[in-house]
Amino acid sequence: MEIKSLMKTTSILTFLLVSVIAILAGCADKKVGYSTDPEINEKVEALLAKMTLEEKVGQMNQYNGFYDATGPAPSEGDAKNKLDHLKKGWVGSVLNVRGAEATRELQRIVVEESRLGIPLIFGLDVIHGHKTLTPIPLAEAASWDLAAIEKSARNAAIEATAVGQNWTFAPMVDISRDARWGRVMEGAGEDPYLGSLIGAARVKGFQGDDLAASNTMAACAKHFAGYGFSESGRDYNTVDVGTSTLYNIILPPFKAVVDADVKTVMNSFNTLNGIPATGNAFLQRDILKGAWGFKGFVISDWGSGQQMIPHGYASDLEQVAEMAANAGSDMDMESYSYVKYLVKLVESGKVKEAVVDDAVRRILTVKYELGLFDDPYKYCSEEREKDLLYHPDHQKDALDIAKKSIVLLKNEGHILPLDRNKKVVVIGALAEDKTSPLGSWRIGSDDSTAVSVLEGLDLFGAKYAYAEGAKLVTGPVAFNSELVFNTTDRSGFSKAVALAKSAGTVVMVLGEHGLQTGEGRSRTELGLPGLQQELLENVYAVNKNIVLVLMNGRPLTLTWADEHIPAILETWHLGSQSGNAIAQTLYGANNPSGKLPMSFPRRVGQCPIYYNHMNTGRPGPNTDVFWSHYMDVANTPLYPFGYGLSYSDFDYSGLKVDASDPKAVKVSVTVKNTSDTDGEEVTQLYIRDRFASVARPVKELKGFEKYKLKAGESKTVSFILTDKELGFYDNDGRFVVEPGMFDVMVGTSSDKGLTGEFELM
Ligand code: NOJ
């Protein structure tokens, strides 16, 4: 096939050459600078010229909070050593120091006691809210509502900047197709198109229109790159992916956030095709800083430099520093490699001083852009801290996005919404849990601050009786230790079953503990943990009229529930307003409109499972066994990407496709709300490039629109497909658009819609 190659980015080979020349020539041209504001560039150069090599390396060093800055200063040991480093200007940033008072004190030490007084940048994982927590990112992605997602990040920044933070380690834009990986909760799911838009919305929310404002903060796209493809979903595991997946699935969301001006990027724990991300010059220099022209700085992940040693790549910490710095990792988080060895490496010529200068120039630029040199204390305001945390406006917005994030998975016989006048029985420990709904990344918030489901029902005025059924976990619950699940204590079963027997409807609130997803929380089984499945089946034996309310941070395997339970509501971990959002949805005050951002497998053995897979040479189905399938379960997911029901019904008709202008292919469809309930729909457009120089997936999301339709109302939804949507990256990383036949599907989920075709001339 002839390739009408429209090169959207300069070829990777060219950039390889450019970056080799850049490294040889000593990295960035000093005159260029990294800010669009020439005045900032001049200030950065002037400051750089005054800095000693030690001070430059210091800017590249980040420490975790090492003492309680509101208490007495450490007088011995490691903490004293680090405090001395602060005073010498050998620390550019700290993470996990919280509170206006503590951040102010550390800033004071650096500003007043170090020679040049270069302010610190304070980093924290502000992932889905700060004090007020919004739904976990995967849940927010289910809203498909970019404005609400941006708002959520905006409010998070307003709260976090009031306690001294000016840099968040978010958004995580890792695409992942494997629900076994616990960190899927932190991303936007399996699709690069949706993930790119959501990533950009989050960056916009955190950084705002003016980075120098005291309520905006620098964002950090992570983890560059490939972390979401850790083998068998085991966290920190090897990543080995082909070029097509790298260029078309993993990298696009990073490119999108770089285009959205994200100020920092975090590299990653994993190796990518044998090279640790932290020491990966191809990723950081050639692609990120080269081809994409990224102007911010790169931070390592926690200890990811040092981890190049167990990876079998660097032989000792000195070599770590050499490899990481030369590969473009600008700041070291908690490996201590730069602060220990970088000066020596520059003196011996193993790392050019220009490499250090380039990193420092990038870091200082972000600090200037944040306005830290004008007022290093602008983020440390006790008054704002008092006023803004758990602010009612933020709670209101958190409720709004929580409602939008809920996905109705099943509603047989319209069992939902419930009638407020009829009493229900509620079962499940998660129904009264005020912490689990806060999710895994709640570092800035306080335990027990979520509205529980029971509280939500009370506030809504619903009538219910409650039984716990079974405890979910036993033993202590902590961010850094394994949970122990209750697998033996069934003492609560009998009360739950007895209540269920006499109930009209039973609402069972089951799922994952809030700390069962996130970092270090991979699973090989994706069913309901502990005794919950058994409890569900016991209750079902006496009353089949069950509404299953799920709380979880990843896709679960729900095959039994789907076969038996009439109504299933996916509520994820919804944050501070969880119980209100759930109660309002159960009783119809909110009509669910969320759509899954990740496929739900039928069985774990299907993982990784994703809608945009390749066709294979034997897609089947065949009457014999020689086609690509499983003997024991269908190939399809239980609930596909893009799936989600509503209390309304939407009818699709009149698909029109006009490809007369190959630069703007027009697609439209009419959608009617045929029910008597007002609702919201997300219309999705998928394409398939039938034949290409690199085989393309069976479907790719290339457009969507979320909108409200009143009962009986219709609307024409239109899309325009340009080169951007119709092209792809070939195996050399070049963006190409190839003429030929395309399939198009527009509908309500990735597996249901009206289909058409067009030829791209
Ligand atoms: C390790 C995690 O992988 C990363 O996402 C996080 O930002 C850092 N720790 C800092 O907490």
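Rules and cut-offs
- Residues numbered from 1 in each chain as written.
- Predicted model: local features only at pLDDT ≥ 70, side-chain atom pairs only at ≥ 80, totals over all residues.
- Heavy atoms only, no water.
- Near = heavy atom within 4 Å.
- Polar contact = N/O pair within 3.5 Å; in protein donor to acceptor, adjacent residues only side chain to side chain.
- Nonpolar A, V, L, I, M, F, W, Y, C, P; charged D, E, K, R; others polar.
- Phe/Tyr/Trp six-rings, centres within 6.5 Å; stacked < 30°, edge-to-face > 60°.
- Helix = DSSP H or I, 4+ residues; strand = E, 2+ residues; numbered from the N terminus.
- Buried < 20%, exposed > 50% of the residue type's maximum accessible area, 1.4 Å probe, protein only.
- Lys NZ or Arg CZ within 6 Å of the ring centre and 35° of its normal.
- Pairing = 2+ DSSP bridges.
- Axes fitted to C-alpha atoms, helices over the stretch in contact; angles between N-to-C directions.
- Parallel < 35°, antiparallel > 145°, perpendicular 65-115°, else oblique.
- Left-handed = near helix turned anticlockwise from the far one by under 90°.
- Contact = heavy atoms within 4.5 Å.

**Q** Is there a simple way to think about the site of the ligand in this case?
**A** Taken together, Leu95, Asp125, Phe169, Arg183, Lys222, His223, Met266, Phe269, Asp301, Trp302, Met333 and Glu519 form the complete shell of residues around the ligand. Note that an oxygen atom of the ligand is positioned 2.8 Å from one of the side-chain N or O atoms of lysine 222. A distance of 2.6 Å separates an oxygen atom of the ligand from a polar atom in the side chain of aspartate 301. Partitioned by chemical class, the residues of the shell around the ligand number 6 nonpolar, 1 polar and 5 charged.

**Q** Would you explain the packing of aromatic side chains in this entry?
**A** Here the distance between the centres and the angle between the planes together describe a pair of aromatic rings. The final tally for this structure, using the stated rule, is 24 aromatic pairs. For the ring pair tryptophan 181 and tyrosine 227, a centre distance of 4.9 Å and an interplane angle of 85° mean the geometry is edge-to-face. Of this pair, tryptophan 181 sits in the loop between strand S4 (167-168) and helix H8 (192-207) while tyrosine 227 sits in the loop between strand S5 (220-224) and helix H9 (243-259), and the two are 46 residues apart along the sequence. Pairing tyrosine 368 with phenylalanine 373 gives two aromatic rings, centres 3.8 Å apart and planes at 15°, and the pair type is stacked. You can call tyrosine 368 buried: its relative accessible area is 14%. Note on phenylalanine 373: relative accessible area 25%, which makes it partly exposed. Through a chain of ring-to-ring contacts, the aromatic side chains of Trp144, Tyr193, Tyr611, Phe641, Tyr686 and Phe704 assemble into a single cluster. One residue, arginine 362, lies across the ring of tyrosine 34, its end atom 4.2 Å from the ring centre. Directly above the ring of tyrosine 540 sits lysine 544, whose terminal nitrogen or CZ lies 4.7 Å from the centroid.

**Q** Sorry, what's going on with the sheet that holds strand S21 (residues 679-689) here?
**A** Two pairing modes exist for strands in a sheet, parallel and antiparallel, and in both the strands are linked by backbone hydrogen bonds. Read across the open sheet, the 4 strands follow the order S22-S21-S26-S27; overall the sheet is antiparallel. A single partner strand is all that each edge strand has here, and the edge strands are strand S22 (700-709) and strand S27 (752-760). The average undirected angle you get between the axes of adjacent strands in this sheet is 20°. As paired elements, strand S26 (residues 740-749) and S27 share 9 bridges and run antiparallel to each other. Residue pairing across strands places glycine 747 opposite glycine 753, the latter belonging to S27.

**Q** What is the right way to look at the packing of helix H15 (residues 392-405) against helix H20 (residues 578-586) in this model?
**A** A pair of packed helices is characterised by two quantities: the angle between their axes and the separation of those axes. Between H15 and H20, the least distance of the axes is 9 Å, while the angle of their chain directions is 50°. When the interaxial angle is binned, H15 and H20 end up oblique. Crossing geometry of H15 relative to H20 is assigned as right-handed. Along the contact surface, H15 presents Leu399, Ala402 and Lys403, while H20 presents Asn580, Ala581 and Gln584. Its residues assigned to classes, the contact of H15 with H20 shows 3 nonpolar, 2 polar and 1 charged.

**Q** Honestly, helix H11 (residues 317-327) in this entry has me stumped. Any pointers?
**A** Spacing of three or four residues puts side chains on the same side of an α-helix, whose turn is 3.6 residues. Buried residues of H11: Leu317, Glu318, Val320, Ala321, Ala324, Ala325 and Ala327, and no others. The elements touched by buried residues of H11 are helix H10 (281-291), helix H12 (337-347) and helix H13 (353-369). The first or second residue beyond H11 is glycine 328, which carries a positive phi of 105°.

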